[in-house]
Amino acid sequence: TRRVLNKILNQMSNGYQKHGNKLVEWHRHALAHELRPDNNWVYDLNTESQYGSPKLVNNNQLYLNIPHFIDSCILELEKLCKKITSSYAEAEEVMKKFRQYISKHSLNKPQNF
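*Asks:* How should I be thinking about the overall build of the protein in this particular structure?
*Replies:* In terms of helices and strands, the protein carries four helices and three strands. Along its sequence from the N terminus, the protein presents helices and strands in the succession α-α-β-β-β-α-α. Residues classed as buried in the protein amount to 26% of the 113 residues present. For the protein, the proportion of contacts with a sequence separation of at least 24, taken over those separated by at least 6, is 29%. Accessible surface, the protein: about 8,500 Å² in total, of which carbon and sulfur atoms supply 55%.

And the structure:
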């Protein structure tokens, strides 16, 4: 999952490319251990002057603007949908990888789609 998330973040704007590894590692660790690492990041719901990709602020804190993150994720989903519908070959390749993922994460039981 880490590899997939990093790949997606690397396709997004500069801030996500630059800080994607930190976002994935910190959040992954926090979720696994049900804690939030102190002072590692700042979440902001501001949709006006601070709208933008992740950046380091205040003594190496990672600033993440939630509306920008959601917008960027939606854009990536739109790109994926466009890739799937752009040609039969592209759709087949994406669905092949999706089937592999589902099979791997379903107790290694083959899935028929």
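Moving on from the coordinates now.
*Asks:* How do you make sense of the packing of aromatic side chains when you look at a structure like this?
*Replies:* The description of two aromatic rings rests on the distance between their centres and on the angle between their planes. All chains considered together, the criterion is met by one aromatic pair. For the ring pair Y16 and F69, a centre distance of 5.9 Å and an interplane angle of 40 degrees mean the geometry is tilted. With a gap of 53 residues between them, Y16 in helix α2 (residues 14-33) and F69 in helix α3 (residues 66-86) connect regions that are remote in the sequence. Taking the relative accessible area as the measure of exposure, Y16 reaches 0% and is therefore buried.

*Asks:* Any chance you could explain the layout of surface pockets here in plain terms?
*Replies:* Rolled over the atoms, a probe with the dimensions of a water molecule shows which regions are left empty. Each pocket or cavity is described by its volume, and for the largest pocket that value is around 1,000 Å³. What lines the largest pocket is a set of 23 residues, among which V4, K7, I8, L80 and K97 lie closest to the centre. Counting residues per element, the ones that place at least two in the lining of the largest pocket are α1 (2-11), α3 and α4 (88-104). Per-element tally for the lining of the largest pocket: the top contributor is α4, with nine residues. Partitioned by chemical class, the residues of the lining of the largest pocket number 10 nonpolar, four polar and nine charged.

*Asks:* Hey, could you run me through the packing of α3 against α4 in this one?
*Replies:* The packing of two helices is summarised by the inter-axis angle and the distance between the axes. At their nearest, the axes of α3 and α4 sit 5 Å apart, and the two run at 120 degrees to each other. Classified by the interaxial angle, the pair formed by α3 and α4 is oblique. Residues L80, K83, I84 and S86 of α3 form the contact with α4, whose participating residues are E90, A91 and V94. Among the residues making up the contact of α3 with α4, the classes are represented as four nonpolar, one polar and two charged.

*Asks:* Looking at this model, I keep getting lost on the pairing of strand β3 (residues 61-65). Mind explaining?
*Replies:* On a regular strand, one side chain projects to one face of the sheet and the next to the other, so that they alternate. Most of β3 sits out of view: five of its five residues are buried. In terms of strand pairing, strand β2 (residues 55-57) meets β3 through three bridges, oriented antiparallel. Bridge pairing links V57 to Q61 in β3. In this antiparallel pair of consecutive strands, β2 and β3, the connection spans three residues, and N58 shows a positive phi of 35 degrees.

About the cut-offs
- Residues numbered from 1 in each chain as written.
- Predicted model: local features only at pLDDT ≥ 70, side-chain atom pairs only at ≥ 80, totals over all residues.
- Heavy atoms only, no water.
- Helix = DSSP H or I, 4+ residues; strand = E, 2+ residues; numbered from the N terminus.
- Buried < 20%, exposed > 50% of the residue type's maximum accessible area, 1.4 Å probe, protein only.
- Contact = heavy atoms within 4.5 Å.
- Areas by Shrake-Rupley, 256 points an atom, 1.4 Å probe, with all protein chains shown as cover.
- Phe/Tyr/Trp six-rings, centres within 6.5 Å; stacked < 30°, edge-to-face > 60°.
- 1 Å grid on protein atoms, 1.4 Å probe; cavity = no way out; pocket = protein on both sides within 12 Å on 5 of 7 lines; lining within 4 Å.
- Points joined across faces, edges and corners; volume = space filled by probe spheres on them.
- Nonpolar A, V, L, I, M, F, W, Y, C, P; charged D, E, K, R; others polar.
- Axes fitted to C-alpha atoms, helices over the stretch in contact; angles between N-to-C directions.
- Parallel < 35°, antiparallel > 145°, perpendicular 65-115°, else oblique.
- Pairing = 2+ DSSP bridges.

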